[in-house]
Amino acid sequence: MKVFFRVDSSLKMGTGHVMRCLTLANVLKENGASVNFICRKHDGSLIDKIYSSGFNVYELRASEESEITNKLEHSHWLGSTQEEDANDCINIIKSKNIDWLIVDHYALDEKWEERLKPYCKKIIVIDDLADRNHQCEILLDQTFGRDKDDYFPFTTKNCDFLLGARYALLRSEFSRWREYSLRRRGRSQFKQLLITMGGVDVDNVTEKILDELKISILPLNINIVVLMGESAPHLKAVKSKATSLPYKTEVRVDVNNIAEIMANTDIAIGASGATTWERCCLGLPTIQIVTARNQFFLSDALARHNIVKLVKSVKEITFLLEESSKWMDNIGYLASEICDGLGSYRVFNKMTNFKAILEDFGEIELCNYVNLNEDDKTLVLNMRNHPEIKKWMLNQDSISSLTHFEFIKSLESIIDQRYFLVKQKNKVMGSINFSEMHFRNSIELGLYVNPFLKSTGCGTLLEAISSYYAFNELNVKKIKLEVYADNERAIHFYKKCGYDFIDSKSPNHQDILCMEKTKILEKCNEKNY
């Protein structure tokens, strides 16, 4: 999978757009995708951060003076016209044959997207505003309370919406620290206070908060931690102010363990930006401050549902901190209910549908179970429960509808297993699945044909597309599978397809053969698109 991101950061924009794109980029890279960024070099950009994260960046020159046409509210963030930006991006990607173009920019809309569409297979738009038209296959808005109706006037009818905090793009460290953080909040206390107003905080709200804390009556043993970015223009002033507080106060810059810090924090004072979802995932009780107009919708929705304590003025903070024992437990619990930290995995799985043209079979389509409509999900269940299929399963019991649909739901947040319904010319040929995925090494394969389809060659097609996907898309060297020792027909079939006998085992007194197929390096006539 080839993926390009078009995203910027600057002193005006802040760092949130790039950071959430980096989160998704890392999930894509860990799962075998080739990932590149296109960024304009604004003052305060995070281009060096992207490089240091292991990604290539195509840099665009920022122009301070550009004639803006069809001006959007945030057009001044772009550093060029949309037409100029589109031309720059086309020159970069036109020969790259990319699968997904992901754009996260308030200054770009359908005008830019229409220009780029011929040079990529699909477009994802990441947005928070619902204020302009888009031409994309997927629209992602992680805002709590966002509804499809907010975007219907701005998108095409075939757009797939990923809306709400369950799709929040958080680094994996937050889901890892979630259990510890929620368990820790079982003992209510206020000893650790965190202040995080964004990586840039161009309006210096942090220093105003410190001024207010200086005259607040807080526990004498409290520890205050302030998080800021190296590019923050008021960093020096904040560090100086921190030394004047009557409480132990530490300013940390560009930390790489923010989830650990939040998990060990009792209350946070934070901006209504991307870190909102980090705090919610960890159940961290938060006093939230709006620092930009585009944050009003989110902040108001969270406050109405008692998920944050929203303040309009820094001066309101003192009372809330002094009365924290009355609200922090309930706020933390409700916050933890809306975000589990697995949103990046859900978005990734939405991107994994796959098409390829095989020389002997033509176009084959792999449809991830998580993307199936209700009819196809039901068909999968009926196929799985067919007597000729389930008798060769490790679990030979029929699966209930409830269990089946819950299983597919669980796959949304799992990235080490992939289940596909295989289609040829809109006919369902069968099902394949990959587990025990070790990229560039090996995977476990399972497959079964559609028992309701009365045609020959389905098994050969399923094995062919499985091998192509495993060896070319997942880039593994070996495909492993298991088959019952008395399933002579299947054993003969797999041998014919190039699988060798490796080992045997007898779980629950059932004899099972372990087989393996090794990638042969040769020129392929197939292509994916």
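In what follows, the structure referred to is the one given above.
Residues numbered from 1 in each chain as written. Predicted model: local features only at pLDDT ≥ 70, side-chain atom pairs only at ≥ 80, totals over all residues. Heavy atoms only, no water.

1. Observations concerning helix α8 (residues 235-242)
The cut-off we apply is this: Only protein chains enter the accessibility calculation, which uses a 1.4 Å probe; a residue whose area is less than 20% of its type maximum is buried, one above 50% is exposed, and one in between is partly exposed. To qualify as a helix, a DSSP run of H or I must reach at least 4 residues; to qualify as a strand, a run of E must reach at least 2; elements of each kind are numbered from the N terminus. Comment: arc refers to directions from the helix axis out to C-beta atoms. What makes two residues a contact is simply this: any of their non-hydrogen atoms within 4.5 Å.
Listing the buried residues of α8 in full gives Leu235, Val238, Lys241 and Ala242. One side of α8 carries all its buried residues, which in axial view fall inside an arc of 125 degrees. Check the buried side of α8 and you find it contacts α7 (205-214), β9 (223-228) and β10 (248-253).

2. Here's the deal with the pairing of strand β18 (residues 442-449)
The line we're drawing: Whether two strands pair depends on DSSP finding at least two bridges between them. Handedness is read with the strands pointing away from the viewer; a crossover is right-handed when the path from the first strand over the helix to the second is clockwise.
Extensive coverage of β18 is indicated by the burial of six of its eight residues. Sheet topology places strand β17 (residues 427-438) next to β18; seven bridges connect them, and they run antiparallel. Within β18, the position partnered with Ser431 by the bridge is Tyr448. Counted along the chain from β17 to the antiparallel partner β18, the turn is three residues long, and its residue Arg440 has a positive phi close to 65 degrees. By the bridge criterion, three bridges tie β18 to strand β19 (residues 478-484) in an arrangement that is parallel. Its bridge partner being in β19, Ser442 is matched across the sheet by Lys478. Crossover connection from β18 via helix α18 (residues 458-473) to parallel β19: handedness right-handed.

3. Description of the pattern of salt bridges
For the record, the criterion: Only one rule defines a salt bridge in this text: a Lys or Arg side-chain nitrogen within 4 Å of an Asp or Glu carboxyl oxygen.
Under the definition given, this model contains 32 salt bridges. With its nearest N and O atoms 3.0 Å apart, the salt bridge here joins Arg132 to Asp127. You'll find Arg132 and Asp127 in the same group, each marked buried. With a closest N to O distance of 4.0 Å, Arg346 and Glu412 form a salt bridge.

4. Describing the nonpolar core
Short version of the rule: Only buried Ala, Val, Leu, Ile, Met, Phe, Trp, Tyr and Cys residues count toward a nonpolar core, and they belong to the same one when joined by side-chain atoms within 4.5 Å.
Ranked by size, the top nonpolar core spans 36 residues in total, and within it Val422, Ile432, Phe434, Ile443 and Leu445 carry the most contacts. Examining the composition of this core, we find that nine residues originate from one element, α18, more than from any other. With near-sequence residues (within four places) excluded, Leu445 lies in contact with Ile432, Asn433, Phe434, Ser466, Ile479, Lys480, Leu481 and Tyr499.

5. Observations concerning the sheet that holds strand β6 (residues 138-141)
Filter applied, for reference: Between N-to-C directions, angles cover 0 to 180 degrees, with each direction set by a line fitted to C-alpha atoms, over the stretch in contact for helices.
With parallel pairing, seven strands are arranged side by side in an open sheet as β3-β2-β1-β4-β5-β6-β7. The sheet is open, and its two borders are formed by β3 (56-60) and β7 (160-163), each paired with just one other strand. The average undirected angle you get between the axes of adjacent strands in this sheet is 20 degrees. Contacts from helix α1 (residues 16-30) reach β1 (2-7), β2 (34-40), β4 (98-104) and β5 (120-126) within the one sheet, and its direction differs from that of β1 by about 175 degrees.

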